[in-house]
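Spelled out from the first residue to the last, the chains are:
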Amino acid sequence: MSNIYQIAIDGPSGSGKSTLAKGVSAKLGIMYLDTGAMYRTCGLAAIKAGIDPKNPEQVKELLDKTSVEVKFSEGQQHMILNGEDVTGFIRTGEVSMAASSVSAHPFVREAMVQMQRAIAADQSFVLDGRDIASKVLPDCKYKFFLTASSEKRAERRLKELEERGDKSQTYEDVLKDIIQRDKQDSERAASPLIKVADAIEINTDEIGIEETLETLLSYIKE
Ligand code: DC
């Protein structure tokens, strides 16, 4: 029997998904796929081309002539846009909003989901995103859904930006963006952010990342 398995960690931005997915990946020695980075790369492509990420015709025309690839080097994920490594350029506030907008188009989602399934097919992976359990890998072995208040998530996002030396946004800016992205990500028609019935929900408001990681691992080891 194959011992390849997948772990889905879904939830809104700032709920702690990527930190936990990295922790799970390190503890279990499995690969980590950040699916948000893929939509971010599409968002960056739209910004670079100067088109409106909400406009389906413009985005479709652009993506037809754009190459988006995921590469792994020493276990680290790299995003390649038209042959250029853009991993260091996809974490800005502008890219976050563009990613949320392009990710609402069904043809963008179909292309990304197909890539995600192909990547996770031959090795054990932990994947984080919005639709991993609901769409990408509905039969995966472990499904987690993280939640936290918008305020807590804005605090974390701001800290993350500051740690990267980005002081361009205030707490209010970050909170406003989070609320707008939540709305876009959960109200879109194509694969909106939802918790599937068999996912384990963990609220990360009060518990620290270490404790949440232990909780998650305890479910996996069971
Ligand atoms: O997780 P993140 O903040 O890096 O994701 C960026 C955007 O991409 C987010 O606003 C919604 C979208 N996204 C998605 O629609 N589906 C996923 N599986 C991952 C991200």
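Check the entry above for the structure.
Presented here is an overview of the structure given in this document. Quick caveat, the model's predicted, so the values are computed rather than measured. (Residues numbered from 1 in each chain as written. Predicted model: local features only at pLDDT ≥ 70, side-chain atom pairs only at ≥ 80, totals over all residues. Heavy atoms only, no water.)

What to know about the packing of helix α7 (residues 150–163) against helix α8 (residues 171–187)
The interhelical angle for the contact between α7 and α8, taken along N-to-C directions, is 120°, at an axis separation of 9 Å. Viewed along their axes, α7 and α8 adopt a mutual orientation that is oblique. α7 and α8 meet at a crossing whose hand is right-handed. Within the contact between the two elements, α7 uses S150, E151, R153, A154, E155, R157, L158 and L161 and α8 uses Y171, V174, L175, I178, I179, R181 and D182. Per-class residue counts for the contact of α7 with α8 are 8 nonpolar, 1 polar and 6 charged. (Axes fitted to C-alpha atoms, helices over the stretch in contact; angles between N-to-C directions. Helix = DSSP H or I, 4+ residues; strand = E, 2+ residues; numbered from the N terminus. Parallel < 35°, antiparallel > 145°, perpendicular 65-115°, else oblique. Left-handed = near helix turned anticlockwise from the far one by under 90°. Contact = heavy atoms within 4.5 Å. Nonpolar A, V, L, I, M, F, W, Y, C, P; charged D, E, K, R; others polar.)

Quick look at the packing of aromatic side chains
By the definition in use, this model includes 3 aromatic pairs. Over the aromatic face of F107 sits the side chain of K60, whose NZ or CZ is 5.8 Å from the ring centroid. (Phe/Tyr/Trp six-rings, centres within 6.5 Å; stacked < 30°, edge-to-face > 60°. Lys NZ or Arg CZ within 6 Å of the ring centre and 35° of its normal.)

Topic: the site of the ligand
Near the ligand lie 17 residues; those nearest to it are R40, R109, D131, D185 and R188. Within the contact set of the ligand, an oxygen atom lies 3.4 Å away from a side-chain nitrogen or oxygen of S103. A distance of 2.8 Å separates an oxygen atom of the ligand from a polar atom in the side chain of R109. Relative to its unbound accessible surface of 440 Å², the ligand loses 97% to contact with the protein. For the shell around the ligand, the element with the most residues is helix α2 (residues 35–49), which contributes 4 residues. Class assignment of the residues belonging to the shell around the ligand gives a composition of 2 nonpolar, 6 polar and 9 charged. (Near = heavy atom within 4 Å. Polar contact = N/O pair within 3.5 Å; in protein donor to acceptor, adjacent residues only side chain to side chain. Areas by Shrake-Rupley, 256 points an atom, 1.4 Å probe, with all protein chains shown as cover.)

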